[in-house]
Amino acid sequence: MKRRAGHPAHVHAEAIRKALEEAKPAGLHGKQLAKATKRSPAQVWTAIRFLRKNAVKDGLPPVTHNRRDGFQLSEDPEVWIAYEKAVFKAELNRMTNVIEGIVAPHTKRKPKDEWARLVLDQLGGVRATLEVLWRMERP
């Protein structure tokens, strides 16, 4: 049986955008978005990715997410900053795990390996930057 082509991402994104606009200032969780828009969870994620990629072009605020409120199209910069800091924290944890679990053992076993030293130095800089961004207080 042939598989039928689905709707393009922008069609799902428009439905999700409308649902998030109607829910303002509150947000909606993924299951709520799927139910409200009659979309599958995969279609909801496709729409969220599309909205995030095109937010600037379409004049939208960023699509943020937190556990309490779910997805939001908030106009509040404090919501944006909280989300950005959460992303920085997640990436900081990810970089720390890569450094400690992969690159550091490589460097210890092959201390003169130029690649390992370069990667460790560069990722150390990324890690430091992410930590500063995560901890920084807003002026």
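One structure accompanies this document, and this report is about it. Worth saying up front: this structure is predicted, and the values here are computed from it rather than measured.

Closest axis-to-axis distance for the helix H4 (residues 77-109)/helix H5 (residues 114-135) pair is 9 Å, and the angle between their directions is 155 degrees. The orientation of H4 with respect to H5, classified from their angle, is roughly antiparallel. The hand of the H4/H5 crossing is left-handed. For the contact of H4 with H5, the per-class residue count stands at 15 nonpolar, four polar and seven charged.

Summed over the entire model, instances satisfying the criterion amount to seven salt bridges. Here Glu 14 ties to Arg 17 by a salt bridge, and the two come within 2.4 Å at their closest N and O atoms. Linking Glu 14 with Arg 17, this pair stays in helix H1 (residues 9-23), spanning three residues, or about one helical turn. In this structure Glu 14 comes out as partly exposed when scored by relative accessible area, which is 33%. Residue class for Arg 17 comes out partly exposed when judged on its relative accessible area of 21%. Between Asp 69 and Arg 68 there is a salt bridge; the shortest N-O distance is 2.9 Å. Where salt bridges share partners, they join Glu 21, Lys 24 and Glu 75 into one cluster.

Criteria and cut-off values
- Residues numbered from 1 in each chain as written.
- Predicted model: local features only at pLDDT ≥ 70, side-chain atom pairs only at ≥ 80, totals over all residues.
- Heavy atoms only, no water.
- Axes fitted to C-alpha atoms, helices over the stretch in contact; angles between N-to-C directions.
- Helix = DSSP H or I, 4+ residues; strand = E, 2+ residues; numbered from the N terminus.
- Parallel < 35°, antiparallel > 145°, perpendicular 65-115°, else oblique.
- Left-handed = near helix turned anticlockwise from the far one by under 90°.
- Nonpolar A, V, L, I, M, F, W, Y, C, P; charged D, E, K, R; others polar.
- Salt bridge = Lys/Arg side-chain N within 4 Å of Asp/Glu carboxyl O.
- Buried < 20%, exposed > 50% of the residue type's maximum accessible area, 1.4 Å probe, protein only.

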